[in-house]
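Structural features, examined
Residues per chain, in single letters:
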Amino acid sequence: MGLYGNSGILPANRILANGTLQERLNLLQLAPLVGLDTQSAIDLFCLAGCVIAFIGLVFPHLCRLVSFISLWTLYFSLVQISQSFRQQSDEMLLEAGFLCILLAPAKLSDPRGPIEGLAMLLMKWLLFRYVFASGSVKLASGCPMWWDLTGLKKHFETMPLPTSYSWYTFQQPDGIHKLSTIYVYVSELVCSWLFFAPNQRVRMFSLWWQVFLHLNIIGSGNYGFLSLIVMTLLLTLVDDRELVQPVKEESKEDKTGAMTVKAIAVLMTLGTWLVFGVGYKNGENGVQAVVPPDRRYPEHDADDGSACSAAGDGTDGAEVPSRSVPKQTGTTNVADGIRKLTENWQLFLPTLAAFIVLFTSIVPHFQLTQSTAISSSIFTKPYNGLHNMFVVNQYGQHLIKMRPKRVEIILEYSDDLSGPWKEYGFQYKPWNEAGSMPYAWVYFPRFDFKFYDASATKPTSQKWLYPMVQRLLQNNQAVTKLFDQSHIPPGPPKFIRASLYEFRFTSWFHGNSTTFWTRERLNDYFPAYSLDDGFLETKLDDVGIPEEPIPSEALNLPVKLLLDAVRNFVAIFEGSFLVLGVLAAAIAMIVTQKRD
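Residues numbered from 1 in each chain as written. Predicted model: local features only at pLDDT ≥ 70, side-chain atom pairs only at ≥ 80, totals over all residues. Heavy atoms only, no water.

**Structural notes on the environment of D37**
So the rule is basically this: The numbering of helices and of strands both runs from the N terminus, where a helix is a DSSP run of H or I of at least 4 residues and a strand a run of E of at least 2. Each polar contact in these results corresponds to two N or O atoms within 3.5 Å; when the atoms are within protein, one needs to be able to donate a hydrogen and the other to accept it, and residues that are neighboring in sequence are counted only if both atoms are side-chain atoms.
Following the sequence through the fold, D37 ends up in the loop between α2 (21-24) and α3 (38-58). Here the side chain of D37 touches S40 through a polar contact of 2.6 Å, side chain to side chain.

Listed below in C-alpha cells is the structure:
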C-alpha cells in the first residue's frame, strides 16, 4: 500500500475526507459501515474485482449485467483515489467497461440485448478513436522527427519503460526504422478505417494487422494492460456466427471479401510508395520521405524542433446501423405512447445513453488546433460531465511530445552531506548502466512509470515527490517496497537528493545481456532534503498532504486479518509473475472445460 495506504505517498483517506465532491462520491466511503478502514477497503475492492473478473473469464455465460456493473463501480472507486498515478489505460478500461454494461443482458435466460448492434458499434468507435488518435497526434504535433520518419527510432530509446526488445530494435538500420514508421502510420491512419467495413474478410485483415502492431508494442515497452484492451476490442470486428457455425464452402461474399483485401493491400502498398517514396537509393535498399524540404513538417515554435506538442486527435463520425433498434408500432395517443415507453424502458434508457456517448465522444477529437476546438456548451458540457465519470475520454495525449533525449531521475541517499551518496534501485525504470530492463507484461508499474512524467517537469509540479521523500527519510516500509529491495538503505537515511542523468543505448558491439545503457550526469533535480530542515513540512502543507498518517481504525478484525493475510501472501510474488500466473490458471481452466 505504498501509493494509497494510510501511510503511503498519497493516502486515499485524505481524498475521501478532504477531496472534491466528485472524489468523495466513492464506494470507499462505505468502509466504516462494515467496520473497515480505507486501506482494508481498497484491498477488499481489489480482491472482489479480481474474483468477479476471473469467474467471468473462465465462465463467460456468467458475464451478465450485474457482473459488469460491479466491476465498473469497483474500478471507478479505485481510479477516483489514484490521483497523480492515474493513466490513460485506466480511463480506457472504464470507458470500455461502461459500453459492456450497455451490451450485457440482465439475466442468464435473457437473449441478446435489443441494442446490441448499437453497443457493438460504440465498441468499434472507441477502438477507432484510440487507434486513429495515436496516429493523428504524431503528425498534428508538428514534430519533425515524426515527419521525416525518424521518430520511431528515437521512441525506442526515450519511451517510458523500455524492455530489452527496445534495445535490439533500436540497433536496426535507419531504413528499417523508416519502414517501421510508415507501417505505424498506415496501421493507425489508414487501416483503422477498415474496422467499419461491411465485409468480414476485410475486417479480419485489419484485425491481424493491428494484432501484429500491438504485439510489437507489448514487446518493446511496459505499457501494462493498454494494448490488451485494444486487442480485446479488436474482437468486435469478428462475426461471432462464424465462430459457432461449421466452416462451409467458400461463398460469393467470401470471394468478394478476399478480392477486396487484395485490392486494399495493393492500394496501401502503392499509396505508401507514392507518399513516402519507398525505393532504392545509390544502388542500396533505402527509405526516404519525398516531401519537399519546405513542407516536411508544419511551422513549429521550438528553436531546435525537437519538442512536439499538440492537443488531441481528429476523427470523423460513424454511421449508426438502423437495425440496432427494432421498429416499433405507432402510437394512437399520448397515453398509449407513455405506456409503451414505460414498457420498453429497458430499451429506451440504454439507447439514450449510447447516443449521448456517441455524440459527446466527438468533442475531444476536435482539439487538434485552437481554431477547430468545439466551444459550444451543447456539446462540451455533456462531455465534461461524462469525462468526469471516465465514460468518454481523450486519447493520444501520451504521444503529444517526443523527447529528444532520455533524462532519468536518480534518487540518492546519504548520512552526510559530503557523501558518500548511494542510489535507490528501481524494479522497472532504467536507473543504472547495468539495468536488465525486465518485462512487466500486463502488469502496470505505476510508480516507476510516474518518474518518466516527472523527469520532464519541475519538482514543484509533482506533488507526490515530497511525501515520497518524507516517507523514505522515515524508512516507511510500505514505500520502500516500491523499490528494488537489493538497493535500499538498511535504515532511515539522513539526507535524500535527486539528480538528472541522460541515458543513451549502448551500441550493438558494446551492449550485452547486462549492459544496455551509458549515462551522464546533467544536474540536480532537487537538493538534499532532511527531516530536520523544515522544508518538507512546508511543501507537504502546500500540497495538502498530512505530515503524519490520518488515523484510521478497522473494527471488523476478522475481515481485516483475512485481507492482510491475502496481501502478505500475494506480496511474495513479483507483480508481473502474479498477473501472468492468474491468467495462466484461467486459460488452463478454459482449455480443460472445452476438452470435457
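Let's pick the thread back up.
**Looking at the sheet that holds strand β5 (residues 495-505)**
Rules: Pairing between two strands requires that DSSP report at least two bridges joining them.
Judged by pairing direction, the sheet is antiparallel, and its 4 strands sit side by side in the order β4-β3-β5-β6 without closing on themselves. At either end of the open sheet lies a strand with only one pairing partner, and these are β4 (422-423) and β6 (517-529).

**As for the packing of aromatic side chains**
Short version of the rule: Centres within 6.5 Å make a pair out of two Phe, Tyr or Trp rings, where for Trp the six-membered ring is used; the pair is then stacked when the planes are under 30 degrees apart, edge-to-face when over 60, and tilted otherwise. Think of it in three bands: residues with accessible area under 20% of the maximum for their type are buried, residues over 50% are exposed, and the middle band is partly exposed, with areas taken using a 1.4 Å probe on protein chains only. In this scheme, Lys NZ or Arg CZ marks a charge over a ring once it lies within 6 Å of the ring centre and within 35 degrees of the ring normal.
Scanning the model with the defined rule gives 41 aromatic pairs in all. Plain terms: the ring middles of F426 and F447 are 6.5 Å apart, the flat faces sit at 25 degrees to each other, and that makes the pair stacked. Remark: F447 occurs in helix α18 (residues 446-454) and F426 occurs in the loop between β4 and α18; sequence separation between them is 21 residues. Across this residue pair, the class does not change: F426 and F447 are buried. On the basis of relative accessibility, which here comes to 3%, the residue F447 falls in the buried class. Among the aromatic residues, those joined into a ring-pair cluster are Y4, F85, Y413, Y424, F426, F447, F451, W464 and F483. Over the ring of F426 we find K429, and its NZ or CZ is 4.5 Å from the ring centre.

**As for the packing of helix α5 (residues 88-103) against helix α6 (residues 116-140)**
Under the convention used in this document: Interaxial angles span 0 to 180 degrees and are taken between N-to-C directions of axes, which are lines fitted to C-alpha atoms, for helices over the stretch in contact. With respect to orientation, any angle under 35 degrees is reported as roughly parallel, any angle over 145 as roughly antiparallel, any angle of 65 to 115 as roughly perpendicular, and every other angle as oblique. Left-handed describes a crossing whose near helix is turned anticlockwise from the far helix through less than a right angle; right-handed describes the clockwise counterpart. Residue contacts follow a heavy-atom distance rule, with two residues in contact if any of their heavy atoms lie within 4.5 Å. Polarity classes work like this: nonpolar for Ala, Val, Leu, Ile, Met, Phe, Trp, Tyr, Cys and Pro, charged for Asp, Glu, Lys and Arg, and polar for all others, with Gly in that last group.
Here α5 crosses α6 at 165 degrees, and the two axes come no closer than 8 Å. By the angle between their axes, α5 is roughly antiparallel relative to α6. As for the relative orientation of α5 and α6, their crossing is left-handed in sense. Every residue of α6 that contacts α5 at Q88, M92, E95, A96, L99, C100, L102 and L103 is listed here: E116, A119, M120, L122, M123, L126, R129 and Y130. Classifying every residue of the contact of α5 with α6 by side-chain character gives 12 nonpolar, 1 polar and 3 charged.

**Some remarks on α5**
Quick reminder of the rule: Here a helix's expected span is defined as the number of its residues, less one, multiplied by 1.5 Å.
Spanning 16 residues, α5 covers 23 Å between terminal C-alpha atoms, matching the ideal 22 Å at 1.5 Å per step. Counting buried positions over the 16 residues of α5 gives 14, a clear majority of the element.

**Section: the UniProt feature "transmembrane region" (unreviewed entry) in the protein chain**
As a reminder, the rule being used: UniProt positions are given in the numbering used here, feature names are shortened, and annotations may be inferred rather than shown by experiment.
Here the UniProt feature "transmembrane region" (unreviewed entry) sits at residues 41-59, 127-147, 182-199, 211-238, 258-276, 347-366 and 569-591. For the annotated span residues 569-591, helix accounts for 83% and strand for 0% of the residues, and the straight-line distance between the end C-alpha atoms is 27 Å.

**Quick look at the side chain of R203**
Defined as follows: Note on charges: Lys and Arg go in the positive column, Asp and Glu in the negative column, and His and the chain ends are not counted at all. For salt bridges, the criterion is a side-chain nitrogen of Lys or Arg within 4 Å of an Asp or Glu carboxyl oxygen.
Its place among the elements puts R203 in helix α11 (residues 200-220). No salt bridge is formed by the buried R203. Its closest oppositely charged neighbour is D239, at 4.9 Å. What R203 contacts, discounting residues up to four positions off in sequence, is K124, L194, F195, A197, P198, L237 and D239.

**Topic: the environment of K481**
Inspection of the secondary structure assignment puts K481 in the loop between α20 (477-480) and β5. In this structure, the C-alpha to C-alpha distance between K481 and A571, residues 90 residues apart in sequence, is 9.6 Å.

**Focus: a nonpolar patch on the surface**
Worth spelling out the cut-off: Only residues above 30% relative accessible area that lack a salt bridge enter a patch, with like-charged residues linked at up to 9 Å and the nonpolar side chains Val, Leu, Ile, Met, Phe, Trp and Tyr linked at up to 5 Å. Residue exposure ignores everything except the shown protein chains as possible cover, and the areas themselves are Shrake-Rupley values with a 1.4 Å probe.
A surface patch of nonpolar side chains, about 380 Å² in accessible area, is lined by L27, L30, L33 and V34. Here L33 lies in the loop between α2 and α3. The class of L33 is exposed, set by a relative accessible area of 72%.

**Some words on the pattern of salt bridges**
Using the criterion set out here, one finds 17 salt bridges in the structure. Measuring nitrogen to oxygen at the nearest pair gives 3.0 Å for the salt bridge that ties K153 to D174. On the criterion of sequence distance, the pair formed by K153 in helix α8 (residues 151-158) and D174 in helix α10 (residues 174-190) is long-range, its members being 21 residues apart. Under the relative-accessibility criterion, K153 is labelled partly exposed at 25%. In this structure, D524 engages R521 in a salt bridge whose closest nitrogen and oxygen atoms are separated by 2.3 Å.

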